[in-house]
Amino acid sequence: MEDCIFCKIINNELPSTKVYEDDDVLAFRDINPVAKTHVLVIPKKHISSLNELNDSELAGKLLLVVPKIAQKLGVGNDYRTVINTGAGVGQTVFHIHIHILGGQELSWP
Ligand code: 5GP
Ligand code: ZN
């Protein structure tokens, strides 16, 4: 996807602060963090949102890598994961991503 900023990050056409990478998944720090620790976990394959995710193996990989990344970031016992789906709830980048938020107390809802 030539116009996708996250695909550009995957292809190193845009800089990012990577915290985890394997064959299928990349995680990097959010450019505009809303918590002390704020990382985005994305598949290397372009999938625009959760509504288009139909690869259960990749879905499992994306989810199961989250605790490993949280441990690496030092927030392994206390973190929040968020997937925004659709512009109506604030999805701004249409390449599916899991937010990992932590490093501080977070209010809810
Ligand atoms: P969404 O609102 O779609 O759930 O989340 C998109 C996230 O991507 C936002 O938190 C935003 O700060 C982050 N973001 C947007 N552009 C870039 C970028 O070029 N680099 C990085 N590291 N994060 C970005
Ligand atoms: Zn993309």
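Structure: above.
### Notes on the pairing of strand S3 (residues 37-43)
Among the seven residues of S3, seven are classified as buried, and the element is accordingly described as predominantly covered. The alternating pattern of S3 places Thr-37, Val-39, Val-41 and Pro-43 on one face and His-38, Leu-40 and Ile-42 on the opposite face, and all of these are buried. In this structure, strand S2 (residues 25-29) lies alongside S3, joined through five bridges in antiparallel fashion. Within S3, the position partnered with Arg-29 by the bridge is Val-39. Alignment of S3 against strand S5 (residues 98-102), held across five bridges, turns out to be antiparallel. For Val-41, the partnering residue across the bridge sits in S5 and is Ile-98.

### Describing unusual backbone geometry
Here the amide bond leading from Trp-108 into Pro-109 is cis, since omega sits at 5 degrees, within 30 degrees of zero. Of note, Pro-109 is situated in the segment after S5. The residue Asn-12 is not glycine, and still its phi comes out positive at about 60 degrees. In this structure Asn-12 comes out as exposed when scored by relative accessible area, which is 56%.

Each value, and the rule that gives it
Residues numbered from 1 in each chain as written. Chains lettered and ligands numbered in written order. Predicted model: local features only at pLDDT ≥ 70, side-chain atom pairs only at ≥ 80, totals over all residues. Heavy atoms only, no water. Buried < 20%, exposed > 50% of the residue type's maximum accessible area, 1.4 Å probe, protein only. Helix = DSSP H or I, 4+ residues; strand = E, 2+ residues; numbered from the N terminus. Pairing = 2+ DSSP bridges.

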